[in-house]
Amino acid sequence: MKHPYLNKEHEIFRKSIRKFLEKEAYPYYEKWEEERMIPRSFWTKMGEQGFLCPDLDEEYGGSNVDWGYAVVINEELERVGSGLVGLGLHNDIVVPYINSFGTKEQKQRWLPRCTTGELITAIAMTEPGTGSDLANIKTTAILEGDHYLLNGQKTFITNGIQSDLIVVACKTDSKAEPKHKGVSLLVVERDTPGFSRGRKLNKVGLHCQDTAELIFEDCRVPKENLIGEEGKGFLYLMDKLQQERLVVAIAAQIAAEVMFTHTLEYVKSREAFGKPIGKFQNTQFKLAEMATDLEMGRAFLDQLIAEHIEGKDVVTKVSMAKWKLTENARKMATDCMQLHGGYGYMEEYEIARRFRDIQVASIYAGTNEIMKTIIAKNLGL
Ligand SMILES: Cc1cc2nc3c(=O)[nH]c(=O)nc-3n(C[C@H](O)[C@H](O)[C@H](O)COP(=O)(O)OP(=O)(O)OC[C@H]3O[C@@H](n4cnc5c(N)ncnc54)[C@H](O)[C@@H]3O)c2cc1C
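Residues numbered from 1 in each chain as written. Predicted model: local features only at pLDDT ≥ 70, side-chain atom pairs only at ≥ 80, totals over all residues. Heavy atoms only, no water.

Draft legend 1. Local environment of the pairing of strand 7 (residues 211-222). Note that strand 3 (residues 147-158) and strand 7 share nine bridges and pair antiparallel. Within strand 7, the residue paired with Leu 149 across the bridge is Arg 220. Inspection of the sheet shows strand 6 (residues 195-200) paired to strand 7 by four bridges, in the antiparallel sense. Residue pairing for strand 7: Lys 200 is matched across the bridge by Ala 212. (Pairing = 2+ DSSP bridges. Helix = DSSP H or I, 4+ residues; strand = E, 2+ residues; numbered from the N terminus.)

As structure tokens, this is what we get:
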């Protein structure tokens, strides 16, 4: 399918990352799933090839390319497996906070090593008691001399175990009204005193993706590690969460396309009652519905990506894409598994893993219910 925002160079780039992943990711993916971890060596290999943060300026190790390249990277990573989501999170979600709101000194200090894979990043918003209600986080950062004293706990953090730099959402003013005006972003580095990691969480899916708890106990964060201005963290988050949700929507569309392709192949070859199961009207209708959802999803997504690249305000449309495309993919996972019969429930068939992995897409990056509250608010309700 042709994307309006991609040209010949992007397609050449797609070929090169696909070739790279065929050598460095596809053969090892099952092993990574079993080991519940992607090795750091994969990150540095991605970095060596220029597949980490290529949109950054050349002075920070990037290639200064447009975001179409990020779309290609996210799509190709998702084709391997949803467990590679942490790389997209690093490229398009965490590093952009530093790049957009960081000082020149912060950028020089961190960004070049983010492009080589030497530094793996994470974003820590969610807490055991607070997820959707982000303005209500309890982690505090109190300025004492030239350090912030950070106290609190975060959970469900993608790249939690491996991360070297964590952008932590915290309250620098717990009494601020409205509450979101007290939120700031601090970068916590790997060896900061008072920072420790809790459990590596055991998840339903995304097995190779490390997701963990983080603990801050009188953690001494240099005040130079504040991103932007105190009290503006919530605004920064609202700004960058759009791209995060778009990345989730892109991944969901690709996951759905992969599930569809596998299922179409399967129903042509599996026979029952003397004919391929694809000859039953129920199978045909299911596949026809899926193909329609995929075409419509792709058309909406492509238009949205193009608008995002043009710098338009896409908040409402991103919220729509995030809930609708993840919901489509979840429904498709159920239907595709059903069409595989018993084999769909076996780990040898990719649909089993895809079925597990897609469930979380309606939960993270803001739940689908929260997406609908945003759409409703923008409808004036
Ligand atoms: C695998 C995984 C990776 C993640 N990675 C990260 C990460 O890297 N960084 C990070 O900070 N977080 C991360 N998260 C956390 C994720 O963003 C939160 O789980 C999510 O925002 C929901 O928060 P919660 O789990 O506290 O659910 P809650 O907020 O407690 O919500 C529970 C239910 O109530 C519903 N609900 C809540 N408020 C409303 C409302 N106003 N109207 C209607 N319904 C509502 C929700 O939609 C949901 O169905 C990750 C989560 C998972 C599972």
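Draft legend 2. Molecular detail of the packing of helix 7 (residues 233-269) against helix 10 (residues 350-358). Where helix 7 meets helix 10, the axes come as close as 10 Å, and the angle between the chain directions of the two elements is 155°. Taken together, the axis directions place helix 7 and helix 10 in an arrangement best described as roughly antiparallel. Helix 10 is crossed by helix 7, and the crossing has left-handed handedness. Side by side, helix 7 and helix 10 meet where Ala 252, Ala 255, Val 258, Met 259 and His 262 of the first sit next to Glu 350, Ile 351, Arg 354 and Ile 358 of the second. When grouped by side-chain class, the residues that make up the contact of helix 7 with helix 10 number six nonpolar, one polar and two charged. (Axes fitted to C-alpha atoms, helices over the stretch in contact; angles between N-to-C directions. Parallel < 35°, antiparallel > 145°, perpendicular 65-115°, else oblique. Left-handed = near helix turned anticlockwise from the far one by under 90°. Contact = heavy atoms within 4.5 Å. Nonpolar A, V, L, I, M, F, W, Y, C, P; charged D, E, K, R; others polar.)

Draft legend 3. Region of the structure containing the site of the ligand. By nearness alone, 17 residues border the ligand, and Thr 126, Ser 132, Phe 156, Thr 367 and Glu 369 come closest of all. In this structure, Ser 132 approaches the ligand through a side-chain N or O atom, which is 2.6 Å from an oxygen atom. Glu 369 has a polar side-chain atom sitting 2.7 Å from an oxygen atom of the ligand. The fraction of the free accessible surface of the ligand (970 Å²) that becomes covered by protein chains is 64%. The set of elements that each furnish at least two residues to the shell around the ligand consists of strand 1 (121-124), strand 3 and helix 11 (368-378). In terms of residue count, strand 3 provides more of the shell around the ligand than any other element does, three residues in total. (Near = heavy atom within 4 Å. Polar contact = N/O pair within 3.5 Å; in protein donor to acceptor, adjacent residues only side chain to side chain. Areas by Shrake-Rupley, 256 points an atom, 1.4 Å probe, with all protein chains shown as cover.)

Draft legend 4. Region of interest: unusual backbone geometry. Glu 177 connects to Pro 178 through a cis peptide bond whose omega is -10°. Tracing the backbone through its elements, the reader meets Pro 178 in the loop between strand 4 (165-171) and strand 5 (183-189). The phi dihedral of Asn 159 is positive, around 65°, even though this residue is not glycine. Looking at the secondary structure, you find Asn 159 in the loop between strand 3 and strand 4. The phi dihedral of Ala 365 falls on the positive side, at around 65°, and the residue is not glycine. Here Ala 365 shows up in the loop between helix 10 and helix 11.

Draft legend 5. Quick peek at the side chain of Glu 127. Checked against the element boundaries, Glu 127 lands in the loop between strand 1 and strand 2 (140-144). Residue classification places Glu 127 among the buried positions, given a relative accessible area of 5%. Within polar-contact distance, the side chain of Glu 127 engages the backbone nitrogen of Lys 138 at 2.7 Å. Not counting residues within four places of it along the chain, the set of residues in contact with Glu 127 comprises Ile 137, Lys 138, Thr 139, Gln 153, Lys 154 and Thr 155. (Buried < 20%, exposed > 50% of the residue type's maximum accessible area, 1.4 Å probe, protein only.)

Draft legend 6. Representation of the pattern of salt bridges within the structure. In this structure the tally under the stated criterion is 29 salt bridges. Residue Glu 76 pairs with Arg 79 through a salt bridge whose shortest N-O separation is 3.3 Å. One end of the pair, Glu 76, and the other, Arg 79, are both in helix 4 (residues 68-80), three residues apart, so they sit about a helical turn from each other. One salt bridge connects Glu 105 with Arg 109, and the closest N-O pair in it is separated by 2.8 Å. Of this pair, Glu 105 and Arg 109 both sit in helix 6 (residues 104-116), four residues apart, which is roughly one turn of that helix. (Salt bridge = Lys/Arg side-chain N within 4 Å of Asp/Glu carboxyl O.)

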